[in-house]
Amino acid sequence: MERKVKVAAVSYLNTKPLLYGFKDHQVMKMIDLSMDYPAKIAQQLIDGEVDVALVPVAIIPKLKEYHIISDYCIGAEGPVASVCLFSEVPLHDIKRIFLDYQSRSSVALIKILIRDHWKLNVELVETIGGYEERIKGTDAGLVIGDRALAQRRISPYIYDLAEHWIRFTNLPFLFAAWISNKALPVEFIQQFSNANAIGINNIPAVVAENPYAVYDLSTYYTQNISFPLTPAKRQGLQKFLSFLQ
């Protein structure tokens, strides 16, 4: 390849298995890797600042061209644990929901569930961070990632978005995928996917490398997140994208 491929990934615990195999892999000679939160990386991919990113799938309609390049993703075939609506009151008593600024897919997903599944009449509030302490009374909040795992210890009512999507559609949910905004060489894609596989096949080593007292990462990586990009997840993705049109 003429130049290194610019790759952006999310700096959350849920990406650690996907990134674990990169450090000693020959694919590192082919890439420049940067880390940030999902919505920022998504904008970098849209703007062409990076070539490949692990991004929320809700950005797909904004890309002029897109290719899913790995056999692995961040998906769920049951409760995902780290993308949830948190509340002090039951679902139908909620009056206002603070939306997490860090992921477009999660915000798009909760809007679909609010409108078509839960059928709630609530006020939605955009945020720029630091809203978790405002989850009180009839004010609820969508929280994602590592902060969601911590919020599980605080809020008495937890509505897992993946679990409710599956109840609604009978399909798994695909939160994020490795997406490129241009065609890339087949050899690179094979090496990239192979690097992803190393961590997925060595979960105990990934857990050992990331001590975390808040939530059991073995459970998180083997029971909550589902990493293989299966045909059913692709079907779930197409269903989700159909709601965004």
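Here's a quick rundown of the structure. (Residues numbered from 1 in each chain as written. Predicted model: local features only at pLDDT ≥ 70, side-chain atom pairs only at ≥ 80, totals over all residues. Heavy atoms only, no water.)

Describing the packing of helix 3 (residues 104-118) against helix 5 (residues 161-169)
For the pair helix 3 and helix 5, the least separation of the axes is 10 Å and the interaxial angle reads 45 degrees. Between helix 3 and helix 5, the crossing angle belongs to the class labelled oblique. In the crossing of helix 3 with helix 5, the sense of the turn from one axis to the other is left-handed. Here Ser106, Leu109, Ile110, Ile112, Leu113, Asp116, His117 and Trp118 of helix 3 lie close against helix 5, whose contacting residues are Leu161, His164, Trp165, Arg167 and Phe168. Considering only residue class, the contact of helix 3 with helix 5 consists of 8 nonpolar, 3 polar and 2 charged. (Axes fitted to C-alpha atoms, helices over the stretch in contact; angles between N-to-C directions. Helix = DSSP H or I, 4+ residues; strand = E, 2+ residues; numbered from the N terminus. Parallel < 35°, antiparallel > 145°, perpendicular 65-115°, else oblique. Left-handed = near helix turned anticlockwise from the far one by under 90°. Contact = heavy atoms within 4.5 Å. Nonpolar A, V, L, I, M, F, W, Y, C, P; charged D, E, K, R; others polar.)

Some words on unusual backbone geometry
A negative phi angle characterises most non-glycine residues, just as the trans form characterises most peptide bonds. For alanine 81, which is not a glycine, the phi torsion comes out positive at approximately 75 degrees. With respect to the helices, strands and loops of the structure, alanine 81 is situated in the loop between strand 4 (67-76) and strand 5 (83-87). Its identity is not glycine, yet lysine 119 carries a phi of approximately 55 degrees, on the positive side. Its location among the elements puts lysine 119 in the loop between helix 3 and strand 7 (123-126).

Concerning the pairing of strand 1 (residues 5-10)
The side chains of a regular strand alternate, first on one face of the sheet and then on the other. With respect to burial, strand 1 is a largely interior element, 5 of its 6 residues being buried. Examined bridge by bridge, strand 1 and strand 2 (residues 31-36) share 6 bridges and lie parallel to one another. Residue pairing in the sheet places alanine 8 in a bridge with serine 34 of strand 2. As defined by bridge partners, strand 1 adjoins strand 3 (residues 52-56) across 2 bridges and the pair is classed as parallel. Each residue of the ladder has a partner; that of alanine 8, found in strand 3, is alanine 53. (Buried < 20%, exposed > 50% of the residue type's maximum accessible area, 1.4 Å probe, protein only. Pairing = 2+ DSSP bridges.)

Overview of the nonpolar core
One finds Leu85, Trp118 and Trp178 to be the most contacted residues of the largest nonpolar core, which totals 86 residues. In terms of residue count, the dominant contributor to this core is helix 3 (8 residues). (Core = buried A, V, L, I, M, F, W, Y, C linked by side-chain atoms within 4.5 Å.)

Digging into the sheet that holds strand 9 (residues 157-160)
Pairing between the strands of a sheet comes from backbone hydrogen bonds, and it takes one of two forms, parallel or antiparallel. The strand order across the open sheet formed by 5 strands is 7-6-8-5-9, and the pairing between neighbours is mixed. Taken across any chain shown, the strands that pair with only one partner, and hence form the sheet edges, are strand 7 and strand 9. Strand-to-strand twist in this sheet, taken as the mean axis angle between neighbours without regard to direction, amounts to 25 degrees. Together, strand 5, strand 6 (96-99), strand 7, strand 8 (139-144) and strand 9 form the strand contacts of helix 3, whose direction differs from that of strand 6 by roughly 155 degrees. Taken strand by strand, helix 5 contacts strand 5, strand 8 and strand 9, and its axis lies near 55 degrees from that of strand 9.

Some remarks on the layout of surface pockets
With a probe scaled to a water molecule rolled over the atoms, the places where space remains empty come into view. Computed from the structure, the largest pocket encloses a volume of approximately 220 Å³. What lines the largest pocket is a set of 15 residues, among which Ala58, Lys62, Arg104, Val107 and Ala108 lie closest to the centre. At 4 residues, helix 3 tops the list of elements feeding residues into the lining of the largest pocket. Split by residue class, the lining of the largest pocket holds 8 nonpolar, 2 polar and 5 charged. In this structure, the second largest pocket occupies an estimated 150 Å³ of space. Lining the second largest pocket are Lys16, Leu19, Tyr20, Phe22, Lys23, Met28, Leu33, Met35, Glu209 and Asn210. Mapped onto the lining of the second largest pocket, the elements with two or more residues apiece are helix 1 (16-20) and strand 2. Of the residues contributing to the lining of the second largest pocket, the split by class is 6 nonpolar, 1 polar and 3 charged. (1 Å grid on protein atoms, 1.4 Å probe; cavity = no way out; pocket = protein on both sides within 12 Å on 5 of 7 lines; lining within 4 Å. Points joined across faces, edges and corners; volume = space filled by probe spheres on them.)

A closer look at the pairing of strand 4
With 7 of its 10 residues buried, strand 4 lies for the most part within the structure. Summarising the sheet, strand 4 and strand 10 (residues 173-180) pair through 6 bridges and their orientation is antiparallel. What sits directly across from histidine 67, in strand 10, is serine 180. Of the pairings in the sheet, the one linking strand 4 to strand 11 (residues 226-228) comprises 2 bridges and is antiparallel in character. Within strand 11, the residue paired with glycine 75 across the bridge is serine 226.

Comments concerning the pattern of salt bridges
Applying the stated criterion across every chain yields a total of 10 salt bridges. One salt bridge connects aspartate 36 with lysine 40, and the closest N-O pair in it is separated by 3.4 Å. Glutamate 163 is paired through a salt bridge with arginine 167; the nearest N and O atoms lie 2.9 Å apart. In this pair, glutamate 163 and arginine 167 both sit in helix 5, 4 residues apart, roughly one turn of the helix. Classification of glutamate 163 as partly exposed rests on a relative accessible area of 27%. One connected set of salt bridges, linked through shared partners, spans Arg3, Asp51 and Lys182. (Salt bridge = Lys/Arg side-chain N within 4 Å of Asp/Glu carboxyl O.)

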